[in-house]
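Fold and geometry: a report
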Amino acid sequence: MSDWLVSLEGTEAGHQAALMLALTAALLHAVFGALQKGRHDPWVSRAAIDGWLVVLSFPLLFLVPWPEPHMWPIFAGVMVIHFTYKLLQAMAYTRGAYTVVYPVVRGTGPLFTVIGAWLIFGESFTGVQWLGLGVLLAGIFGLAVYNFIFLETARETLGPALAYALATGFFVALYTTYDAYGIRATADPFTFLAWFFFLSALDFPALLFLTPMRHRVSGFPLRPLVLRGLAGALVAYGSFGSVMMATRLDKVGEAAVLRETSTVFAAIIGWLILRETVGPRRIALMVLIAAGAVIVEVGG
C-alpha cells in the first residue's frame, strides 16, 4: 500500500486523494477538539487520549520499516513541537468557551502554514487562492468575534484564553509544516505515522501521572474517561494521519486551508453536543468559511 500511495504523489489522482483526506481531517479534528473540551478536564482528557495512542501505536512500530538514521532528530523535533502545542491548547481550553477558542486557533494556523509552505517547500498561491484564504479567515475570525461579543460564560478568563489560542494557532502552523517535512523525509510514510503517534503521545500521560499534576486525575470516574480516551485516540489516527498523508501527496498550504473547514464542523458540534448557541449570523459566517475553502480549491 505504501508503494501505491507514493506513486500518487504529484498526480491528479493524488490531488483528489489529498482533497478528500484534508476534508476528512477537518471533520475528525473538530470531533477531536470536542472530545478534549467536553465535560472532563482538558488536561486529563488529553492524557487519556495520548495513553491510548501509546498503547495502540506500540505494536505498529514492528509492522513498518525501521526509520532511517536521519529521522531520529526529526522525531525529536516532533515531540518538542507537539508537546508545546498541546500545553498551549489545554491552557486555552481551560480558560475559554470551545466555540470562541477553537476558531481563533484554527484561523491563525492556515495563514502561517501557507507562509511556511512558501518558505520551506517553495509552494505559492494564486491570486484567487489568496482571495479564498482571505474569505475563509474572515469567516473564522468573524465567528470568533461574534462568539466573543455574545458570550455569557467565562468572560473573565477570555483574554488569556484568546492569547493562548493565538499562540496555539502559531504552533498549529509550525507542526503542520514540520510534520509535512517529516513525512516527506522518509521512504515509507507509514513509518513516520507509526513513530509519530507513539512518540508524540508519551508526554501528557507522563505529565499527568509522574508530576504533581496527577491530582487532576483524582475523583474522575474511570470508565467514562477510558472510553473517551479510546474514542479520541481512534479519531486522532484519522484526523492527524489524514492531513499528514494529504501533505505528502499534494501541497501543504492547500491541505492546511481545507482542514480549517473544521471550524464549521466544530460550531455544529458545539451546538448539537455541547449545547452552545448557534444563530443565523454564525451560520452565515460558517458559510463564508466553506466558501473560502471552495475558492482556494477551485483557484489552484
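Figured I'd write up the structure that's included with this text. (Residues numbered from 1 in each chain as written. Predicted model: local features only at pLDDT ≥ 70, side-chain atom pairs only at ≥ 80, totals over all residues. Heavy atoms only, no water.)

1. Structural notes on the packing of helix α7 (residues 158–184) against helix α10 (residues 222–249)
For the pair α7 and α10, interaxial distance at closest approach is 9 Å and the crossing angle is 65 degrees. Accordingly, the angle class assigned to the pair α7 and α10 is roughly perpendicular. When the axes of α7 and α10 are compared, the crossing they make is right-handed. Every residue of α10 that contacts α7 at Y175, D179, A180, I183 and R184 is listed here: F240, M244, M245, T247 and R248. Residues belonging to the contact of α7 with α10 are distributed by class as follows: 6 nonpolar, 1 polar and 3 charged. (Axes fitted to C-alpha atoms, helices over the stretch in contact; angles between N-to-C directions. Helix = DSSP H or I, 4+ residues; strand = E, 2+ residues; numbered from the N terminus. Parallel < 35°, antiparallel > 145°, perpendicular 65-115°, else oblique. Left-handed = near helix turned anticlockwise from the far one by under 90°. Contact = heavy atoms within 4.5 Å. Nonpolar A, V, L, I, M, F, W, Y, C, P; charged D, E, K, R; others polar.)

2. Brief notes about the packing of aromatic side chains
Taken as a whole, this structure holds 17 aromatic pairs when the rule is applied. Aromatic side chains W66 and W195 sit 5.3 Å apart centroid to centroid with 85 degrees between the ring planes, which places their arrangement in the edge-to-face category. Taken together, the residues span a long stretch of sequence, with W66 in the loop between α3 (42–57) and α4 (71–95) and W195 in helix α8 (residues 189–199) at a distance of 129 residues. By relative accessible area, which is 59% here, W66 ends up exposed. On the basis of an interplanar angle of 20 degrees and a centroid distance of 6.0 Å, the ring pair of F192 and F196 is categorised as stacked. Note that F192 and F196 are positioned in helix α8 at a spacing of 4 residues, about one turn of the helix. Grouping residues by exposure puts F192 and F196 together as buried. (Phe/Tyr/Trp six-rings, centres within 6.5 Å; stacked < 30°, edge-to-face > 60°. Buried < 20%, exposed > 50% of the residue type's maximum accessible area, 1.4 Å probe, protein only.)

3. Some words on the environment of A47
Mapped onto the secondary structure, A47 falls in helix α3. Placed 159 residues apart in sequence, A47 and A206 show a C-alpha to C-alpha distance of 8.3 Å. Beyond its immediate chain neighbours, meaning those up to four positions away, A47 contacts F204, P205 and L208.

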